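# Inside the fold
These are the residues of each chain, in order.
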Amino acid sequence: LRGRERATMSSAAAAAAAAERKKRMESMMLSTAGTMENQTTTEKEQTWDALTIKGTCERLEKSYFRLTSAPDPATVRPQPVLEKSLARLKSAAKGESYHYLTDQLKALRQDCTVQRLRNAFTAEVYEHHARVALQNDDLGEFNQCQTVLKTLYGEGVEGEEMEFLAYRVLYSAVTGVTGSNINTVLATACAMRSHPAIAHALAVRSALKEDNAVDWFRLRVAAKKFGLGKELMDVRTEEVRFKHVTMMATVCKPTVPVTHLAHVLGFSGDRAEEEMDAKASGCGALGGEHDGEETAAVVPRETLPPPSEDEEAACVTWLEEHGAVVVDVAGAKHVDSKESLPKLFVPEDKNAVAHGDQTLDYADFLASVGTFTG
C-alpha cells in the first residue's frame, strides 16, 4: 500500500508540475493568433514587455540546464543578481575549471535571454565568455559568443566592438570559413583598418595566406597587445612552422642552420613577449588607443631576439619530432635538407579527441598513461 501511495503522490506531483509548466507557457502566448498583426512597433514592444519573464532568483551560483518548457521566474536571476554573479566569476571563481566556468556563464547567458536583456551588461557576459573560451581552446563556444556579439553591436549595444571585430577577422583566417558573412566582416575591417588591432588582424590574415612565417611570428608576439589574438593564431602556428621547414628543406641545400630556423619559427617568441611587457610596464593598456583618423595604421610587429641555447634545443626537439634529420656541421646544429625532405611529417596530436568518438573510454585513457593493468 505504501508503494501505491508513493506512486500516486509521485504521479500527482508530476501532473501538478506539468500543469504549472503549461500555465507558464500559456501566459507567454498571445490570447489570439492575430493580436500583433495590427499593432504598431511600439505596441508590439509593449506586448512583449508584458510577457517577458521577470526573474526573482537571488542565487549567485547556478548551473545551466537546457529549457524544455517556459522558464519559471523563481529560477531566473534579475540583472542586479546577474551582475554580482559575473563579478564573482571574474574574481573569486576565476581559477575554477573551464567546465565550471562555461557552465556558469551559459546559465548567465540563458537568464539574459529569457528576460530579453540586450544591453551593455549582456555584451559584457558574452565578451567574457568568449575570452574564457579562447583561453581554453574552445573555438565552438567562442564562435557562438562572437555571433551573438555581432548582432548586439549591430543593434547599437556598447561593448568592445573593435577587439571582437579583430577576433572575427582572425577567426575567419585560421578556420578558413568563407561566405557572404565573412565578406561583410572583411569589408568592415578594411574600413576600420586605421585601428591598430584591426590592422594587426588583417596583417595576420595576409601572412597566413602568403605562407610568410617571418611575418607570422613577429605578428604573433605583437598579438598580446590586443587581447587574445595569439590564442586564435596558434590554431595554425604548427602548420605555419611545418610549411616553412618543408619549404626550406626544398630550396636550401645542403643544410639549413637550426639557429636560423629557431629564430624564424618563433622559438624566442615567449622571451620577446616578456621583453615587450617589461618595456610597456607602467604605460597603461597596449594598443587600445585610436585617434579616429581614417589613415592606415602602422601594423604592430615585434622583432624576435636571437634564440638562446635552450630555445635552439627546443627547436631541435620540434624538428626531430616532425621527422627532420639534424646533423652537426662545424660544431653547429643543421638540418640535412636532402635526408629530411622525404621524412618530414606532422605527428598525431595526442591531446586531440574526436567529438563523440565511442572508442575512447576510461580503459583507453588509463592504458595511454600507463596506469591500466587490465
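Residues numbered from 1 in each chain as written. Predicted model: local features only at pLDDT ≥ 70, side-chain atom pairs only at ≥ 80, totals over all residues. Heavy atoms only, no water.

### Observations concerning the pattern of salt bridges
- All chains considered together, the criterion is met by 20 salt bridges.
- Notably, a salt bridge pairs glutamate 124 with lysine 90, separated by 2.6 Å at the nearest N-O pair. In this pair, glutamate 124 sits in helix H5 (residues 120–135) while lysine 90 sits in helix H3 (residues 79–90), placing the two residues 34 residues apart along the sequence.
- Residue lysine 90 is classed as partly exposed on the basis of its relative accessible area, which comes to 34%.
- Between glutamate 275 and arginine 271 there is a salt bridge, with the nearest N and O atoms lying 3.8 Å from each other. Here glutamate 275 pairs with arginine 271, and both are found in helix H13 (residues 269–280), just four residues apart, close to one helical turn.
- Salt bridges linked by common partners bring Asp211, Arg236, Glu239 and Lys243 together as one network. (Salt bridge = Lys/Arg side-chain N within 4 Å of Asp/Glu carboxyl O. Helix = DSSP H or I, 4+ residues; strand = E, 2+ residues; numbered from the N terminus. Buried < 20%, exposed > 50% of the residue type's maximum accessible area, 1.4 Å probe, protein only.)

### Considering the environment of leucine 139
- You can see leucine 139 is positioned in helix H6 (residues 139–154).
- The spatial distance from the C-alpha of leucine 139 to the C-alpha of threonine 175 is 9.4 Å, given a sequence separation of 36 residues.

### Description of H3
- In this model H3 runs 16 Å from its N-terminal to its C-terminal C-alpha over 12 residues, within 8% of the 16 Å that 1.5 Å per residue would give.
- Taken together, the buried positions of H3 are Val81, Leu82, Ser85, Leu86 and Leu89. The arc that holds the buried residues of H3, viewed along the axis, is 140°, so those residues lie on one side. Facing away from the buried side of H3 by over 90 degrees, the exposed positions are Pro80 and Lys84.
- Buried positions along H3 lie against helix H4 (98–114) and H5. (Expected span 1.5 Å × (residues − 1). Arc of directions from axis to C-beta. Contact = heavy atoms within 4.5 Å.)

### Considerations on the nonpolar core
- Within the largest apolar cluster, 78 residues are counted, with the highest numbers of intra-cluster contacts made by Phe142, Trp216, Leu261, Leu319 and Val335.
- With near-sequence residues (within four places) excluded, leucine 261 lies in contact with His244, Met248, Val256, Cys315, Leu319 and Val335. (Core = buried A, V, L, I, M, F, W, Y, C linked by side-chain atoms within 4.5 Å.)

### Examining the packing of aromatic side chains
- Summed over the entire model, instances satisfying the criterion amount to four aromatic pairs.
- For the ring pair phenylalanine 142 and tyrosine 171, a centre distance of 5.9 Å and an interplane angle of 50° mean the geometry is tilted. One end of the pair, phenylalanine 142, is in helix H6; the other, tyrosine 171, is in helix H7 (residues 161–175), and 29 residues separate them in sequence.
- An angle of 65° between the planes, with centres 6.4 Å apart, marks the rings of phenylalanine 267 and tryptophan 318 as edge-to-face. With phenylalanine 267 in the loop between helix H12 (258–264) and H13 and tryptophan 318 in helix H14 (residues 309–321), this residue pair connects regions lying 51 residues apart in the sequence. Across the pair, tryptophan 318 and phenylalanine 267 agree in class, each one buried.
- Cluster of aromatic residues (ring-pair linked, three or more members): Phe142, Phe164, Tyr167 and Tyr171. (Phe/Tyr/Trp six-rings, centres within 6.5 Å; stacked < 30°, edge-to-face > 60°.)

### Focus on the pairing of strand S2 (residues 326–329)
- With four bridges connecting them, S2 and strand S3 (residues 332–336) associate as antiparallel partners. If you follow valine 329 over to S3, its bridge partner there is alanine 332.
- The hairpin formed by S2 and S3 contains two residues between the paired strands, and alanine 330 there has a positive phi angle of roughly 55°. (Pairing = 2+ DSSP bridges.)

### Some thoughts on unusual backbone geometry
- Residues lysine 253 and proline 254 are joined by a peptide bond in cis, for which omega reads -5°.
- Inspection of the secondary structure puts proline 254 in the loop between helix H11 (229–251) and strand S1 (255–257).
- The backbone of arginine 116 sits at a positive phi, close to 55°, despite the residue not being glycine.
- Within the secondary structure, arginine 116 is located in the loop between H4 and H5.
- Residue class for arginine 116 comes out partly exposed when judged on its relative accessible area of 37%.
- For alanine 330, which is not glycine, the phi dihedral falls at a positive 55°.
- Examined against the element boundaries, alanine 330 turns out to sit in the loop between S2 and S3.
- What makes alanine 330 exposed here is its relative accessible area of 85%.

Spatial relationships are all this shows, so hold off on functional conclusions.
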